[in-house]
Amino acid sequence: MSAYYEETVLSVRHWTDSLFSFTSTRSPAFRYTNGQFAMMGIEIEGKPLVRAYSIVSPNYEDTLEWFSIKVANGPLTSRLQHIKDGDRILVSKKPVGTLVIDSLTPGRTLWLLSTGTGLAPFLSIIRDLETYERFDKIVLVHGCRIVAELAYGELITRDLPNHEYIGELVKEKLVYYPTVTREPFEHRGRITDLITTGRIFADLDLPALNPVDDRVMLCGNPELLADMRAILESLGFTEGSSGEPAQFVIEKAFVEK
């Protein structure tokens, strides 16, 4: 247990019957880079039951925020979904992850492609001043099955443009593109289809992806990651890592249980 901080749940929000988020206290000693994840969970019979969770909150906030799915028989989420204010959670002392700006070489447009709770790391990245200093445009794409699953839309479209410090940069540079697959909506379709057909570029009046100008971060279901990796590599993109920055990066840690 010495590898974990014990934190206290401060608030819980249930977005749908399959998605919830919550905030917790943050140890002053816990340091991370926006986009990273930590092992987070609860103590069961004296042992940690944890999974990899990207941190929603930017690293300058005093509290931590987490975004999770609910799985009825999932070892962790079946329990975690019932947490309430005042409950205790465990957070690993060493955050890690490749979805950090330093894993990318310089470019003009940053594409953040996510499905479901894969949105989480990007919520910290779009609240990081350095993101706006490094890129001319940031395109946040969030794909879900139904409209109700498009969590945090109000934060992105209402709160961030009025943010005390980065609001003007958000208005100038951030583009939000939510899309769903199973209901009528302004944008419909799988992210990969929207890219291969060119629909998303037409909608946003942006040129198609190219490895000279564009940098891409991916976080979401395994199908998105596999398909987008193939698409990007076919276009000449090279995958980066924390040790070797390149043109796209993938977060493989994704909670499904």
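Basis of the calculations
Residues numbered from 1 in each chain as written. Predicted model: local features only at pLDDT ≥ 70, side-chain atom pairs only at ≥ 80, totals over all residues. Heavy atoms only, no water. Helix = DSSP H or I, 4+ residues; strand = E, 2+ residues; numbered from the N terminus. Expected span 1.5 Å × (residues − 1). Buried < 20%, exposed > 50% of the residue type's maximum accessible area, 1.4 Å probe, protein only. Arc of directions from axis to C-beta. Contact = heavy atoms within 4.5 Å. Polar contact = N/O pair within 3.5 Å; in protein donor to acceptor, adjacent residues only side chain to side chain. Phe/Tyr/Trp six-rings, centres within 6.5 Å; stacked < 30°, edge-to-face > 60°. Lys NZ or Arg CZ within 6 Å of the ring centre and 35° of its normal. Salt bridge = Lys/Arg side-chain N within 4 Å of Asp/Glu carboxyl O. Pairing = 2+ DSSP bridges. Axes fitted to C-alpha atoms, helices over the stretch in contact; angles between N-to-C directions.

*Asks:* Is there a simple way to explain helix H8 (residues 222-234) in this structure?
*Replies:* Helical periodicity: at 3.6 residues per turn, an α-helix aligns residues three or four positions apart in one direction. Its 13 residues give H8 an end-to-end C-alpha distance of 18 Å, which sits within 8% of 18 Å, the value for a rise of 1.5 Å per residue. Those residues of H8 that sit buried are Leu224, Leu225, Met228, Ile231 and Leu232. Along the axis of H8, the buried positions cluster into a sector of 135°, meaning they face one direction only. On its buried side, H8 packs onto strand E7 (109-115), helix H6 (191-196), strand E10 (214-219) and strand E11 (248-251). Two to three positions downstream of the cap, the backbone nitrogen of Glu223 sits 3.1 Å from a side-chain oxygen, assigning the N-cap of H8 to Asn221. Gly236 sits one or two residues past H8 and shows a positive phi near 100°.

*Asks:* Hey, could you run me through the packing of aromatic side chains in this one?
*Replies:* When we look at a pair of aromatic rings, we describe it by the centre distance and by the angle of the planes. Counting across every chain of the model gives 6 aromatic pairs. The interplanar angle of 75° and the centroid separation of 5.6 Å between the aromatic rings of Trp111 and Phe201 together place this pair among those described as edge-to-face. Of this pair, Trp111 sits in strand E7 while Phe201 sits in helix H7 (residues 199-204), and the two are 90 residues apart along the sequence. Accessibility expressed as a relative area gives 8% for Phe201, which makes it buried. Through pairs of rings, three or more aromatic residues link up here, namely Tyr5, Phe30 and Tyr32. It is Arg13 that lies over the ring of Trp15; its NZ or CZ is 3.6 Å from the centre. One cation-aromatic arrangement involves Lys93 over Tyr5; the distance from NZ or CZ to the ring centre is 5.3 Å.

*Asks:* It is not clear to me how the pattern of salt bridges should be interpreted in this structure. Could you clarify?
*Replies:* Close approach of charged atoms allows side chains with opposite charge to pair. Tallying each qualifying case throughout the model produces 14 salt bridges. Here Glu130 ties to Arg134 by a salt bridge, and the two come within 2.5 Å at their closest N and O atoms. Remark: Arg134 and Glu130 occur in helix H3 (residues 129-134); sequence separation between them is 4 residues, near one turn of the helix. Residue classification places Glu130 among the partly exposed positions, given a relative accessible area of 32%. Overall, Arg134 belongs to the partly exposed group, its relative accessible area being 35%.

*Asks:* Any chance you could explain the sheet that holds strand E8 (residues 137-144) here in plain terms?
*Replies:* The strands that make up a sheet pair up through hydrogen bonds in the backbone, lying either parallel or antiparallel. Here we have 5 strands laid out as an open sheet, ordered E9-E8-E7-E10-E11, and parallel in their pairing. Where the open sheet ends on each side, the last strands, each with one partner, are strand E9 (174-180) and E11. Sheet twist, expressed as the average angle between the axes of neighbouring strands with direction ignored, equals 15°. Bridge count for E10 against E11 is 4 bridges, and the pairing is parallel. Across the sheet, the residue bridging to Met217 is Val249, located in E11. Strands E7, E10 and E11 of the sheet are contacted by H8, whose axis makes an angle of about 160° with E10.

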